[in-house]
Amino acid sequence: MKSKVPSFLLERPSSDSFERGKRGLKMPFIEKGIHHLAYVIKTGYIQWETASTDNFFQRIDARIKVLFLLFYVIIVSLKKDILPEVLIGAFVFILTLISRLNIFSLYKRVLFFGFIFGFLIALPSAFNVITRGEIIFPIAHLSRPYSVWIYRIPEKIGFTREGVYGVMMLTSRVMNSLALSFFVLFTTPFSEIMKALKVLKVPDSFIMIVTLSYKYMFVFAKTVEDMHLAKKSRLAGRVSNTEARRWIAGRIAFMLKKIRMRCEEIFKAMLGRGFSDDIKIYGVEKLRARDWVTGVAFFLVGVLFLWM
Amino acid sequence: MDEIIRLEKICYSYYEKILALRDINLGIKEGERFAIIGANGSGKSTLLQIMNGLIHQSQGKYFFRSNEVSEQTLRDKGFLRFFRERVGYVFQDSDVQLFCPTVLDELLYGPLQLEMKESEALDRAFEVMQILNIANLKDRPSYMLSGGEKKRVAIGSVLTMNPEVLLLDEPTNGLDPRTQCFLVELMLALNEAGKTLVIATHDLSLVDELHTRVALLSEEHILEKIGASEDILKDEELLLKVNLIHEHIHYHGQDIHKHRHSHYLFHKHEMK
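Quick notes on the rules
- Residues numbered from 1 in each chain as written.
- Chains lettered and ligands numbered in written order.
- Predicted model: local features only at pLDDT ≥ 70, side-chain atom pairs only at ≥ 80, totals over all residues.
- Helix = DSSP H or I, 4+ residues; strand = E, 2+ residues; numbered from the N terminus.
- Rg over C-alpha atoms; globule rule 2.2 N^0.38 Å.
- Buried ≥ 20, exposed ≤ 12 C-beta atoms within 10 Å, placed from the backbone.
- Contact = placed C-beta atoms within 7 Å.
- Axes fitted to C-alpha atoms, helices over the stretch in contact; angles between N-to-C directions.
- Parallel < 35°, antiparallel > 145°, perpendicular 65-115°, else oblique.
- Nonpolar A, V, L, I, M, F, W, Y, C, P; charged D, E, K, R; others polar.

Draft legend 1. Seen up close, the overall build of chain B. When helices and strands are counted, chain B shows 10 helices and 13 strands. The C-alpha radius of gyration of chain B comes to 20 Å, within 12% of the 19 Å expected for a compact globule of 272 residues. With respect to the three principal axes, the spread of C-alpha positions in chain B is 70 × 45 × 35 Å. Going through the 272 residues of chain B one by one, you find that 46% of them count as buried. Considering only contacts within chain B whose residues lie at least 6 apart along the sequence, 62% involve residues at least 24 apart.

Okay, structure coming up:
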């Protein structure tokens, strides 16, 4: 074996020193993105694990919490004014405080997703091209109105009062729904939520899909992070954005292959352990007085919000 | 021999919550064979990744050839190149390491990153393929390789960069005995060629075969002991304490035996 070692492997680097680069390297977008993905998923995991602390909402039975979530999301969707939405938001915020959750971490997620899936998506509807009404923020003035397909583009383009109100309503609904969901997720261990869904007669196939997806998320995050580290260990300079995008595309294809293979293996393992489309649960306890009182209190507050 | 790697009071926690390493002090000399051993979860891979500058210590200092390695120093283009061409890392899971379309592309990736001429890079790739017996696989994509072939390609992809230090994470894990034997011979040959080898493993027979200096990590994530492999592998109490060997009960015919078991050295029976 020794005689076979290529001659270049016997060469030592010419110098033990190095020349400092003129400019520092910036963290490329791909690295930032992957770090963020891994961080979000893994911190999410830690939060789920710590959801069993002994605070106010954490002690309540998961069934009550799941019903609370469903009931309040329906209320949030039914309300047609900003004021009740703000009051519901404030109510969830108070519950978050009482449950001693990390307010910054929870609301960072609510604002991020609320901005993307609420505000950004609804924003175009604020224009008078889509929602007719009184223009309160004029943006552009055309020489004459135009007709494009089913749309009529007026001379004066801008945000309408009705449109802005619609955007505010949708954003507040999305943010309230997110705050409610994250609040329940942060205060309830994952296994308890699944158990509650089973007791509440949610179909087994749905629970199975959610459970497997949840588990696979962490496998996926770890694989993505490791692949990134493996590439980083062989990089000696900056990678252009084009090359980075090409690498991501290649890796996505690899991940899809790996996911398919892993799915097959998991399904075989499930079959091997007697899987029969039916999820068996154990240790379902009766609701205690504390759960009933909290459930009734939440119900009454919800009815109050509905009445407003 | 000079110390090529020096770690001073290295601590690392995942997401500031899960402790992985605590107060690790160690030095590795140039041309040395060095093994980091410990039970699962003791922090071996984390330590190896810190040595490759892939993750960065939360406390303490890491020096490579007396140059501090940190997130900040690796942002310097000159130092990044200096460091990456001298330290190579072979991952435990070869799948994550192989990301190019074919085996040949894998071997060329590193040298081309180092801005080497294409002809020189190709020469290196073919020489490495010869020593690793993978020349017949050069046009194959990585997902069409067996576990042992993937491992050879992963090692080859690092060797074409001609690093001074080779960091190997569980190099023999999941490989058949013949490939394991090949890898041991390869590692010894590379070491004789002047490469510094750092191996993270819980395979005690590998440590014995390579006859390394050993850093033993405990399940409390601290450095329990550093010493020669023959001293550490003899210390049954110590290996038992860090969970690298265990008490084992089994039958021999009609007799029941209880003994310490490591799948390697200790198989001393005592009658019950």
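Moving on, there is more to tell.
Draft legend 2. The arrangement of the overall build of chain A in detail. From N to C terminus, chain A includes nine helices and four strands. Starting at the N terminus and walking to the C terminus, you meet the elements of chain A as α-α-α-α-β-β-β-β-α-α-α-α-α. Classification of the 308 residues of chain A by burial places 21% in the buried group. Relative to all contacts within chain A whose residues are 6 or more apart in sequence, the contacts with residues 24 or more apart total 82%.

Draft legend 3. Broad picture of the packing of helix H2 (residues 62–78) of chain A against helix H5 (residues 161–187) of chain A. Residue and element names in this part refer to chain A. For the pair H2 and H5, the least separation of the axes is 9 Å and the interaxial angle reads 175°. In terms of their interaxial angle, H2 and H5 are classed as roughly antiparallel. For the pair H2 and H5, the contacting residues are Lys65, Leu69, Tyr72, Val73, Val76 and Ser77 in the first and Arg173, Asn176, Ser177, Leu180, Ser181 and Val184 in the second. Considered class by class, the residues forming the contact of H2 with H5 number six nonpolar, four polar and two charged.

Draft legend 4. View of the interface of chain B and chain A. Each side of the interface is counted separately: chain B has 43 residues, and chain A has 38 residues. Those elements that provide at least two residues to the side of chain B that touches chain A are helix H2 (77–84), helix H3 (94–97), helix H4 (103–113), helix H5 (118–132) and helix H7 (177–192) of chain B. A total of seven residues in the side of chain B that touches chain A trace back to one element, the largest contributor, which is H2(B). Among the residues making up the side of chain B that touches chain A, the classes are represented as 19 nonpolar, nine polar and 15 charged.

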